[in-house]
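Summary of the model geometry
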Amino acid sequence: MNRVSFALPHLIGKEALYLNECLLSGQWGGDASFTKRCHAHLESQYGASTLLCHSCTAALEMAAMLLRLGPGDEVIMPSFTFVSTANAVVLRGAVPVFVDIRSDTLNIDETLIEAAITPRTKAIFVVHYAGVGCEMEPILAIATRHGLVVVEDAAQAYGALWKGRALGTFGQLATLSFHQTKNIVSGEGGALIVNDPAFVERAQIIREKGTNRSQFIRGEVAKYDWQDMGSSFLPSDLVAAVLLAQLEYAEELTRHRLSLWHAYDEIFKAAGHNGLRLPEIPADAAHNGHIYHVRFTNLERREETRRKLVAEGIGGVTHYVPLHSSPAGERYGLTVSSMAVTNEAADTLLRLPLHGGLTEADIAHVASRVLELAQ
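Here's what I pulled together on the structure shown here. (Residues numbered from 1 in each chain as written. Predicted model: local features only at pLDDT ≥ 70, side-chain atom pairs only at ≥ 80, totals over all residues. Heavy atoms only, no water.)

In this section: the sheet that holds strand E2 (residues 74–78). The strands making up a sheet associate through hydrogen bonds between their backbones, and the pairing can be parallel or antiparallel. With mixed pairing, eight strands are arranged side by side in an open sheet as E1-E9-E8-E5-E4-E2-E3-E12. Each edge of the open sheet is held by one strand with a lone partner, namely strand E1 (49–53) and strand E12 (334–335). Two elements, E1 and strand E9 (residues 190–194), share five bridges in a ladder whose sense is antiparallel. Residue pairing for E9: Ser49 is matched across the bridge by Val194. (Pairing = 2+ DSSP bridges. Helix = DSSP H or I, 4+ residues; strand = E, 2+ residues; numbered from the N terminus.)

Structural data, given as structure tokens:
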């Protein structure tokens with residue numbers, strides 16, 4: 001049996017070397033040498049203050065704190081996303097307001113946002129699904145008209161562009177993930193990108209348990225004390241050591257992943273799709289090959305194919321249970337539009353194995369089995 005794992009972290013550079021260097025240094029806590037080097041790398045790339053966190057979930061929670069969300073506030077977002085996007089809002093006592101997604105990119109449907117705005121709306125959280133950019137210009141225009149903050153959940157979008165500009169640079173705040181299932185990994189890990197300078201100092205305080213320790217380390221104050229709400233959002237420098245090695249080879253990792261993504265796409269297109277709906281990439285999007293998915297005509301066909309793939313050792317995986325129909329989503333959230341596209345995507349989408357350890361032969365094997373089983 002030719003087993004093909006769905007996702008595996010891919011070692012490419014100096015991960016072991018840097019990790020050993022960090023271990024020997026004795027500086028294992030947060031904001032030591034490797035964290036600083038990661039910060040410098042990311043800030044050069046994004047042109048904004050960037051703070052490593054122990055997860056993208058932590059970065060989203062920091063964003064919600066920075067926005068001073070509280071009871072009664074509302075945040076518009078898609079339902080087709082990971083729970084962390086909504087949890088960050090709910091933890092502050094605010095309400096996630098769910099709207100439907102586009103049928104092509106599976107990103108938030110920008111045409112539904114304005115109708116969901118109320119006097120209680122504070123922000124719009126957009127999610128760049130599969131590393132494909134949302135329609136940022138109309139979203140930013142809506143936000144400007146209504147005085148709202150835009151937060152980009154760019155967990156899947158490291159290295160991806162929209163109209164030649166890096167995803168994560170459009171909203172006042174953005175978040176990244178370096179979880180082991182992502183393109184660039186550190187096991188766990190994430191980052192908050194602060195594009196609005198007005199948020200920078202408070203972001204540092206929130207990240208450091210509500211203290212001004214960052215200013216103390218820079219020699220700007222004689223001692224540090226409790227300034228604001230906060231928590232321990234720093235990653236260990238051991239995590240940063242692994243991440244730095246991956247960041248240094250990020251372009252190579254992305255190129256390889258995209259080559260595998262395109263290998264899938266060419267096979268399925270050459271076969272005439274066989275009744276499957278393939279990913280649709282807008283002309284303005286330069287994605288990063290994070291996910292290759294196919295969509296079936298109905299839930300039954302998807303599930304039958306998935307079960308057979310898994311029985312053969314091929315890691316075909318569904319994706320989100322929509323938040324609006326989840327128990328906590330029904331309890332904490334508000335649904336203000338038809339969720340027809342979200343529900344259909346959840347029922348019909350299947351993600352195929354895609355990671356740096358695969359070969360084009362693996363891709364050909366998986367694609368051929370999907371095509372055969374989907375008949």
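This part takes up the pattern of salt bridges. All chains considered together, the criterion is met by 18 salt bridges. Between Glu110 and Arg102 there is a salt bridge, and its shortest N-O distance comes to 2.8 Å. Here Glu110 and Arg102 have matching classes, each one buried. Among the salt bridges present, the one from Glu135 reaches Arg102, with a minimum N-O distance of 3.9 Å. Of this pair, Glu135 sits in the loop between strand E4 (121–127) and helix H6 (136–146) while Arg102 sits in the loop between strand E3 (95–99) and helix H5 (113–116), and the two are 33 residues apart along the sequence. A network of salt bridges, in which partner residues are shared, links Arg102, Asp104, Glu110 and Glu135. (Salt bridge = Lys/Arg side-chain N within 4 Å of Asp/Glu carboxyl O. Buried < 20%, exposed > 50% of the residue type's maximum accessible area, 1.4 Å probe, protein only.)

Below, the discussion takes up the sheet that holds strand E7 (residues 165–166). What the three strands build is an open sheet, ordered E7-E6-E10; its pairing is antiparallel. The sheet is open, and its two edges are formed by E7 and strand E10 (285–286), each paired on a single side. Where strand E6 (residues 161–162) lies against E7, two bridges are found, and the strand directions are antiparallel. Within E7, the position partnered with Leu161 by the bridge is Ala166.

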